[in-house]
Amino acid sequence: ILVISSAAGLTGLPYYAAYSASKYALEGYFEALSYELRPDGISVCLVEPGTFRTWPELGEMRMGEKVLSGRNKALNQRLIANIKTQYKASPDPAPVARFLVKLAERRRVPMRVVIGRDAWGLRLLQLLPSFLYHHAFYWGFKRSMLRAG
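> Describe the overall build of the chain, with residues and values.
Of regular secondary structure, the chain possesses six helices and three strands. Reading the chain from its N end, one meets helices and strands in the order β-α-β-α-α-α-β-α-α. For the chain, contacts bridging at least 24 residues in sequence account for 69% of all contacts bridging at least 6. Roughly 9600 Å² of accessible area belongs to the chain as shown, and the carbon and sulfur atoms make up 60% of that amount.

> Run through the pattern of salt bridges, naming residues and quoting values.
Where side chains of opposite charge bring their charged atoms close, a pairing between them can arise. Counting across every chain of the model gives four salt bridges. The shortest N-O distance in the salt bridge between Arg112 and Glu31 comes to 2.9 Å. One end of the pair, Arg112, is in strand E3 (residues 112-115); the other, Glu31, is in helix H1 (residues 17-37), and 81 residues separate them in sequence. Relative accessible area serves as the criterion here: at 26%, Glu31 is assigned to the partly exposed category. The class of Arg112 is partly exposed, set by a relative accessible area of 27%. Through salt bridges with shared partners, one network takes in Glu27, Glu31, Glu48, Arg112 and Arg123.

> Outline the environment of Gly12, supporting the account with residue identities and numerical values.
As for its position among the elements, Gly12 is in the loop between strand E1 (2-4) and H1. Separated by eleven residues in sequence, Gly12 and Lys23 place their C-alpha atoms 9.5 Å apart. Excluding residues that lie within four positions of it along the chain, Gly12 makes contacts with Ser20, Tyr24 and Phe137.

> Describe the nonpolar core, and please don't skip the residues or the numbers.
Taken as a class, soluble globular proteins show a tendency for nonpolar side chains to be buried jointly. Within the largest apolar cluster, nine residues are counted, these being Cys45, Val47, Phe52, Val96, Leu100, Leu103, Val109, Val113 and Ile115. Among the elements that take part in this core, helix H4 (residues 94-104) stands out by supplying three residues, more than any other. If sequence neighbours within four positions are ignored, Phe52 has contacts with Tyr87, Ser90, Pro91, Asp92, Pro93, Val96, Ile115 and Gly116. Counting seven residues, the second largest nonpolar core, distinct from the first, contains Leu10, Val114, Ala119 and Leu122.

> So what's going on with the sheet that holds strand E2 (residues 45-49)? Which residues, and what values?
Spatial ordering of the open sheet is given by E1-E2-E3, a layout of three strands whose pairing is parallel. At either end of the open sheet lies a strand with only one pairing partner, and these are E1 and E3. Recorded for the sheet is a direction-independent mean angle of 20° between the axes of neighbouring strands. In this structure, E2 lies alongside E3, joined through four bridges in parallel fashion. Each bridged residue has a counterpart across the sheet, and for Leu46 the counterpart in E3 is Arg112. The sheet strands contacting H1 are E1, E2 and E3, and the helix crosses E2 at an angle near 155°.

> Kindly report on a nonpolar patch on the surface, identifying the contributing residues and their values.
A cluster of nonpolar side chains, Trp120, Leu124 and Leu127, forms an exposed patch at the surface whose accessible area comes to about 360 Å². Within the element layout of this structure, Trp120 appears in helix H5 (residues 117-125).

> Explain the side chain of Lys23 to me, using residue names and the numbers behind them.
With respect to the helices, strands and loops of the structure, Lys23 is situated in helix H1. Lacking a salt bridge, the buried Lys23 has Glu27 as its closest oppositely charged neighbour, with an N-O distance of 8.1 Å. Residues within four places of Lys23 in sequence aside, it is in contact with Ile4, Ser5, Ser6, Ala8 and Gly9.

Rules of the game
Residues numbered from 1 in each chain as written. Predicted model: local features only at pLDDT ≥ 70, side-chain atom pairs only at ≥ 80, totals over all residues. Heavy atoms only, no water. Helix = DSSP H or I, 4+ residues; strand = E, 2+ residues; numbered from the N terminus. Contact = heavy atoms within 4.5 Å. Areas by Shrake-Rupley, 256 points an atom, 1.4 Å probe, with all protein chains shown as cover. Salt bridge = Lys/Arg side-chain N within 4 Å of Asp/Glu carboxyl O. Buried < 20%, exposed > 50% of the residue type's maximum accessible area, 1.4 Å probe, protein only. Core = buried A, V, L, I, M, F, W, Y, C linked by side-chain atoms within 4.5 Å. Pairing = 2+ DSSP bridges. Axes fitted to C-alpha atoms, helices over the stretch in contact; angles between N-to-C directions. Patch = residues over 30% accessible without salt bridge, like charges linked within 9 Å, V, L, I, M, F, W, Y side chains within 5 Å. Lys, Arg positive; Asp, Glu negative; His and termini not counted.

Here it is, written out as structure tokens:
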């Protein structure tokens, strides 16, 4: 069983609370299911991609603007600019699709597969002690917001 989750299932992403929560739920449910199905020879693989150009850019931007409509307008504009910049620089998803086809053809799959530089960055940050991880994550978020503004 291949489940497409997200790097957002690895950590709570600012301004993506609902999306992150839904991916955390997938992660927990399918991790538990993998332990239940393992005795029957059934493998579950959570695929945790980072940012790839997989969604219509303008639709996502409109969603962000709606979610943030009650917040500080300057902050909203910086956030939307940052998301657009990250999206435009994100890799094409075609190699990921080819990788998923090969993964689906395997008899056994790992429980988790992290795909993408940003997803790996989040995964590696999680190796830090909790207080350092949260400090580093928040510092990186603040820095990216300042660059976008």
